[in-house]
Amino acid sequence: MDLEAVRTFVAVAEAGQFQKAAADLSITQQAVSKRIAALERSLGVRLFTRAPRGADLTIDGQAFLSHARELLRVAERAVVSVSPGHRPLRVDVIASRSAQSGLMRGFHRAYPEIDLDVVMLFEIETAVTAIRSGAIDASFRAVAAPGRPLPEDIESVRVLDEPLQLLIGPSHALAGARSVTVAQLAGHRIWMPGIVPGTEWGAYYDDLVAEFGLTIEATGPNFGSDALLDTIADTPALATFMGEHTRLIWPAGHGLRRIPVTDPTPVYPHSLLWHRDNPHPALATLRAHLAATAAGRDAAGTWVPGWVIPR
């Protein structure tokens, strides 16, 4: 159905005259007549009868009027929903308990008036495709994996270097340590069933293993963080890595400990990705907020893979 014809019908119904409706719409009276005639043909009914003082709605016209107004309201809402500055800012984070989610909570506290949609996409290729199509406005990632540079129309900036911590149970050999060096972790089993080959975090841990000779196991199904915490608490030989800003809650009886890793401290490099032509005004606000709160980037005594290059 032609929305301009519907808009013209409502204008004539409210004005009571074709001539006044034409003036209100800034079109000719002939154009008004053609639009009404086309609408009547498509509906198969007469909508107006000519009267000495203008145009009167027929019974069918009266029945159609409320629906026509609703059509125009729906169309307006549809346009607003995708208009920059009106639709929510759509941002992708990897997980709800992650550091990226924490960054977005901080942004929301600082700018509660900005509408947000937070989504969770899995692979960086999916996120980049969504950015380029306009499905999302930005994504938090580790920039890219080796040999897979970002497309030229995607911009990125490092926003947070998150230190890794060792998470262990009460019976682990390192349970009494206040901190551990990377060298001390050699020979210990670090279990991380959430690592998926081909992902940017998979590439990160591959480089960590190659650099420091660590033993990281990704065997077994990934039943989520609760099952991981249960296993680490009950298995003295196992440990796992967790980001310093990852939010975790476990039963008091687990006796788990988060221990800083030093000399050097491995940090996970979180970056924000966006399309260079994205006009959403809240995107600039988000980038400025993250720049003002950025912490830890390239700090002394930290380690990131060599393929993570700031852009």
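Numbering of residues starts from 1 in each chain and follows the order in which that chain's sequence is written. A pLDDT threshold of at least 70 governs which residues receive local features in this predicted model, and a stricter bar of 80 or more applies before side-chain atom pairs are shown or counted, although totals over entire chains, interfaces and linings include all residues. Excluding hydrogens and water, the side-chain values take into account all heavy atoms of the structure.

1. Structural notes on the overall build of the protein
The number of helices and strands found in the protein is nine helices and 13 strands. As a reference, a globule follows 2.2 Å times the number of residues to the power 0.38, and the radius of gyration itself is taken over C-alpha atoms. The C-alpha atoms of the protein give a radius of gyration of 30 Å, which is well past the 19 Å a tight globule of 311 residues would have. If one aligns the C-alpha atoms of the protein with their principal axes, the spans along those axes are about 100 × 40 × 35 Å. In the protein, the share of contacts with a sequence separation of at least 24, taken over all contacts with a separation of at least 6, comes to 74%. All accessible-area figures derive from a Shrake-Rupley calculation using a 1.4 Å probe, and residue coverage is judged against the displayed protein chains alone. Roughly 15700 Å² of accessible area belongs to the protein as shown, and the carbon and sulfur atoms make up 55% of that amount. Strands are runs of DSSP state E lasting at least two residues, helices are runs of H or I lasting at least four, and both sets are numbered from the N terminus onward. Note on definitions: a residue-residue contact is assigned when non-hydrogen atoms from the two residues lie within 4.5 Å.

2. Description of the packing of helix 1 (residues 3-15) against helix 2 (residues 18-25)
The axes are straight lines fitted to the C-alpha atoms, using for helices just the contacting stretch, and the angles between their N-to-C directions are given from 0 to 180°. At a closest axis distance of 8 Å, the pairing of helix 1 and helix 2 adopts a crossing angle of 125°. Between helix 1 and helix 2, the angle falls in the class oblique. Our pair here, helix 1 against helix 2, has a crossing hand that is right-handed. Where helix 1 approaches helix 2, its residues T8, A11, V12 and A15 are matched on the opposing element by F18, K20, A21, D24 and L25. Polarity classes work like this: nonpolar for Ala, Val, Leu, Ile, Met, Phe, Trp, Tyr, Cys and Pro, charged for Asp, Glu, Lys and Arg, and polar for all others, with Gly in that last group. Residues of the contact of helix 1 with helix 2, tallied by class, amount to six nonpolar, one polar and two charged. Note that the term roughly parallel is reserved for angles under 35 degrees, roughly antiparallel for angles over 145, roughly perpendicular for angles of 65 to 115, and oblique for everything else. Helix crossings are classified by the rotation of the near helix relative to the far one: an anticlockwise turn of less than a right angle makes the crossing left-handed, while a clockwise turn makes it right-handed.

3. Describing the packing of aromatic side chains
Aromatic pairs are defined between Phe, Tyr and Trp rings, using the six-membered ring for Trp, whenever the two ring centres lie within 6.5 Å; interplanar angles under 30 degrees are classed as stacked, those over 60 as edge-to-face, and all others as tilted. One pass over the structure, following the stated rule, counts 10 aromatic pairs. With centroids separated by 5.0 Å and ring planes inclined at 90°, the aromatic side chains of Y204 and Y205 adopt a geometry described as edge-to-face. Buried means the residue's accessible area, taken with a 1.4 Å probe over protein chains only, is under 20% of the maximum for its type, while exposed means over 50%, and partly exposed covers the values in between. Accessibility expressed as a relative area gives 9% for Y205, which makes it buried. In textbook terms, an aromatic cluster arises when at least three aromatic residues are bridged by ring pairs, as seen for Y204, Y205, F212, F241, Y268 and W303. We call a charge positioned above a ring when the Lys NZ or Arg CZ atom is no farther than 6 Å from the ring centre and deviates by at most 35 degrees from the ring normal. Lying across the ring of F18, R50 places its NZ or CZ 4.1 Å from the centre.

4. Description of helix 8 (residues 225-234)
Within helix 8, burial applies to L228, L229, I232 and A233. Across the axial projection of helix 8, the buried residues extend over an arc of 130°, all falling on one side. Buried residues along helix 8 sit in contact with strand 6 (154-168), strand 8 (189-191) and strand 10 (238-243). Directions from the helix axis toward the C-beta atoms define the arc.

5. Looking at the pairing of strand 3 (residues 89-92)
Working note: regular strand, side chains alternate between the two faces of the sheet. Pairing between strands is defined by DSSP: at least two bridges between them are needed. By the bridge criterion, four bridges tie strand 3 to strand 4 (residues 116-119) in an arrangement that is parallel. By the bridge assignment for strand 4, L89 is matched with L116. For the crossover that starts at strand 3, traverses helix 5 (residues 99-110) and ends in the parallel strand 4, the hand is right-handed. Bridging between strand 3 and strand 5 (residues 138-141) involves two bridges; their strand directions are parallel. Considered in strand 5, the bridge of V91 is made with A138. Handedness of a crossover: with both strands directed away from the viewer, a clockwise path from the first strand across the helix to the second marks it as right-handed.

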